[in-house]
Amino acid sequence: MTQVDRHAEMANAIRFLSVDAVEHANSGHPGLPMGAADIVTVLFTNFMDFNPKHPDWPDRDRFVLSAGHGSMLLYSLLYLLGYEDIDLDEIKNFRQLGSKTAGHPEYGHAAGVETTTGPLGQGLANAVGMAIAERKLNAEFGDDVVDHRTFCLVGDGCLMEGISQEAISLAGHLRLSKLTVLWDDNDISIDGAVSLSDSTDQLARFRASGWNTLSVDGHKPAEIADALEKADKSDRPTLIACRTTIGFGAPTKAGTSKVHGSPLGAEEIKGMREKLGWKCEPFKVPAETLDLWRIAGLRSAQKYKEWEKRFAALDPEIRGEFERRMRGDMPAALNEALEAMKRTLGDEKPTMATRKSSEAVLEVINGVVAETIGGSADLTGSNNTKAKSQKPVSKGDFGGSYVHYGVREHGMAAAMNGMALHGGVVPYGGTFMVFTDYCRPAIRLSALMRQRVVYVMTHDSIGLGEDGPTHQPVEHLAALRAIPNLNVFRPADGVETAECWALALAASKTPSVLALTRQNVPNLRTRLTDENPCAKGGYVLREAPAKRDVTLIASGSEVGLAATAADMLAKEGIAAAIVSMPSFELFRAQPEAYRFATLGDAPRIAIEAGIAQGWHEWIRHKDRFVGLSDFGASAPAAKLFEHFGLTPARVVAEAKALVKG
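Residues numbered from 1 in each chain as written. Predicted model: local features only at pLDDT ≥ 70, side-chain atom pairs only at ≥ 80, totals over all residues. Heavy atoms only, no water.

Right, let's talk about the overall build of the chain for a bit. A tally of helices and strands in the chain yields 25 helices and 18 strands. Here the C-alpha radius of gyration of the chain, 28 Å, is about what a compact globule of 661 residues would show, namely 26 Å. Reported as C-alpha extents along the three principal axes, the dimensions of the chain are approximately 95 × 55 × 45 Å. Residue pairs at least 24 apart in sequence account for 78% of intrachain contacts in the chain once pairs closer than 6 positions are excluded. If you sum the accessible surface of the chain, you get close to 25,200 Å²; carbon and sulfur atoms cover 50% of it. Placing the 72 positive and 83 negative side-chain charges of the chain at their respective mean positions leaves the two points 2 Å apart. (Helix = DSSP H or I, 4+ residues; strand = E, 2+ residues; numbered from the N terminus. Rg over C-alpha atoms; globule rule 2.2 N^0.38 Å. Contact = heavy atoms within 4.5 Å. Areas by Shrake-Rupley, 256 points an atom, 1.4 Å probe, with all protein chains shown as cover. Lys, Arg positive; Asp, Glu negative; His and termini not counted. Charge placed at Lys NZ, Arg CZ, Asp CG, Glu CD.)

Here it is in structure tokens:
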């Protein structure tokens, strides 16, 4: 068998496993795996460094299938290369309940799946984040420990999505030369030819964004290999446009949208077998071809052994630090440092915005946690996300720990997912709370993939004032709280801010949103213990002086409002308890007895500068909510709180009506 014949047989193995799995499931997208099989065959047999027997090798190359609808391309590769998680039964179980071969690749289901993709463009931005993390760790630990590439396969849809421009312009600006994007340039989308909806010169767009660009015939192995070699030598990230035929090999549907997202059908598959000379029955691969793939799976075994030797020879302290970071453990000194800061805040009782408190907390965190990598979407001075000790990441210098993302909220959030997935770093990034709308698809994927990413969202209510309703979050807290496995923290003061940061960093399998104020708030927590009450999600900040007549429940800046109202009620002989509720999610996880003891059986009033949605989990039909039901307005914060009835006087009136009614 010649080299050309070997390549064709190996690529056809991907094509037919993909076609057979989609046909068996009666669901899926066969066109991309059929068209891109030649690309990935060259990549994985000649260029990628990986080890199926040690799939978590820290210095492996990363492969991201951004065009996640073509998931059978990846599953076929993993089976053929010898990854234990994907066997033939899993291939046959494609898209079925409980299988590792989900409709779109899902991180955590199987080794070799580096990220969850499907929402187009997300994988491309994840790959940018992975490439940043690789350079950051390389700057710290050197070539002997971290020196690998990131490859990403994208489709036309990935490049149409707006996030693609955010991602590629950031990558070009930072000159991420170890990032190579392979474009499956098949000129077909679900509706038909790409020309129906798009006429962008993608090569020119990438060049304008600082990329090296190459074009090849995606069905000619020699051209693909030559381009990958050139990409390896480039001092910029590289786009390789691989002109392919979607559904390559299908006798009547190749090159059409009919092969994009539907099974081929028995007759078309029969014709494809005849056309490509594939004589095996469904789900069978010739032994010789499978052997070639399994040998390819071992191609980096020697490199892995050499890496192990170099790693074992490191100074034990450096080796231990790297291992700790890759495990995702926080340094032992963190808790003690944050506890000391809490005591300082409790003693000094500063009145400041929680965004400023967060900045002070980050000074402590970044002084202890070397793996944090912060950033902001062009709002550093407003988000207060940069510690004095942090230096920016820049092209040619990745020794810093702060990324200036520019006005790229969506790209920032997705890149942070890529950093977290890569491992060894803990990303956090900031913007205004209202712009979680721009970040939401990536935040949802953080939660789905169970990644520790911290979203620092400041200007969290109408309290931001004069910028008006375009910038004032109203429905955003409710929308974020609706996402499963996402901790939404809204601290009331500096002490709670420190505690919420501690919880966010401790949550290794859950992303967090920190909703922080622009306006100053009083420091309410003066009695401090070694415990972290915020860990329970809600707690009694101040008990009523006598049997409770009413319980005031609030989050964030409204806890101070509740405290003022409780003082006013006390003067009228009404005993009010104050419950601070920084996290619905953590409070929901507490035993029912604790929740009832905290909320009590007295009438309840919930107070938050947002909509009521979600609060009815904690207040009953007869209870009251003091908040917003419409958009904000442009005015100073104090005027807005008064205008919308978010005042102590309003709370007092509601309490009196409840108690006396």
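Moving on, we get to the packing of helix α12 (residues 301–312) against helix α13 (residues 316–327). Put simply, α12 and α13 touch, their axes get as near as 9 Å, and they point 120° apart. On the basis of their axis angle, the class for α12 and α13 is oblique. Residues W307, F311 and A312 of α12 lie in contact with α13, whose contacting residues are R319, F322 and E323. Within the contact of α12 with α13, the residues separate by chemical class into four nonpolar, no polar and two charged. (Axes fitted to C-alpha atoms, helices over the stretch in contact; angles between N-to-C directions. Parallel < 35°, antiparallel > 145°, perpendicular 65-115°, else oblique. Nonpolar A, V, L, I, M, F, W, Y, C, P; charged D, E, K, R; others polar.)

One pass over the full model with this rule turns up 37 salt bridges. Via salt bridges that share partners, K136, E140, E321, R324, R325 and E371 belong to a single interconnected network. (Salt bridge = Lys/Arg side-chain N within 4 Å of Asp/Glu carboxyl O.)

Take the sheet that holds strand β14 (residues 539–542) next. Spatially, the five strands line up as an open sheet ordered β14-β16-β15-β17-β18, and their pairing is mixed. The open sheet is flanked by β14 and β18 (624–626), the only strands paired with a single partner. This sheet shows a mean twist of 30° between the axes of neighbouring strands, independent of strand direction. (Pairing = 2+ DSSP bridges.)

What follows is about helix α14 (residues 333–348). For α14, spanning 16 residues, the distance from its first C-alpha to its last is 23 Å, which sits close to the expected 22 Å at 1.5 Å a residue. All buried positions along α14 are accounted for by L334, A337, L338, E339, M341, K342, L345 and G346. Taken together, the buried residues of α14 touch α15 (354–368) and α20 (494–506). With its phi angle positive at about 50°, K349 sits one or two positions after the end of α14. (Expected span 1.5 Å × (residues − 1). Buried < 20%, exposed > 50% of the residue type's maximum accessible area, 1.4 Å probe, protein only.)

Moving on, we come to empty space enclosed by the protein. Evaluated as defined, the whole model comprises one cavity of 30 Å³ or more. In this model, the largest cavity occupies a volume close to 110 Å³. Lining the largest cavity are 13 residues, and of these F44, M48, Y83, G112 and E114 lie nearest its centre. With three residues, the single largest contributor to the lining of the largest cavity is helix α3 (residues 71–81). Of the residues that constitute the lining of the largest cavity, the class distribution is nine nonpolar, one polar and three charged. (1 Å grid on protein atoms, 1.4 Å probe; cavity = no way out; pocket = protein on both sides within 12 Å on 5 of 7 lines; lining within 4 Å. Points joined across faces, edges and corners; volume = space filled by probe spheres on them.)

The next point concerns the packing of helix α21 (residues 558–571) against helix α25 (residues 648–660). Helix-helix packing: each pair is described by the crossing angle between the helix axes and the interaxial distance. Remark: α21 packs on α25, axes separated minimally by 8 Å, with the N-to-C direction vectors making an angle of 55°. Between α21 and α25, the angle falls in the class oblique. Crossing geometry of α21 relative to α25 is assigned as right-handed. Taking contact as the criterion, the partners of L561, T564, A565, M568 and L569 in α21 are, on α25, P648, A649, V651, V652, A655 and K656. (Left-handed = near helix turned anticlockwise from the far one by under 90°.)

Moving on, we get to the environment of A655. Along the chain, A655 falls in helix α25. Separated by 86 residues in the primary sequence, A655 and L569 have C-alpha atoms spaced 8.2 Å apart. Once residues within four sequence positions are removed from consideration, A655 is found in contact with V550, L569 and I605.

Below, the discussion takes up unusual backbone geometry. In this structure, D187 takes a positive phi of about 65° despite not being glycine. For R450, which is not glycine, the phi torsion reads 60° and is therefore positive.

Across the sheet, five strands lie side by side as β1-β2-β3-β7-β6; this open sheet has parallel pairing. The two strands at the open ends of the sheet, each matched to only one other strand, are β1 (62–65) and β6 (212–217). The average undirected angle you get between the axes of adjacent strands in this sheet is 20°. Pairing geometry for β6 and strand β7 (residues 238–243), over six bridges, is parallel. The residue of β7 that forms the bridge with V216 is C242.

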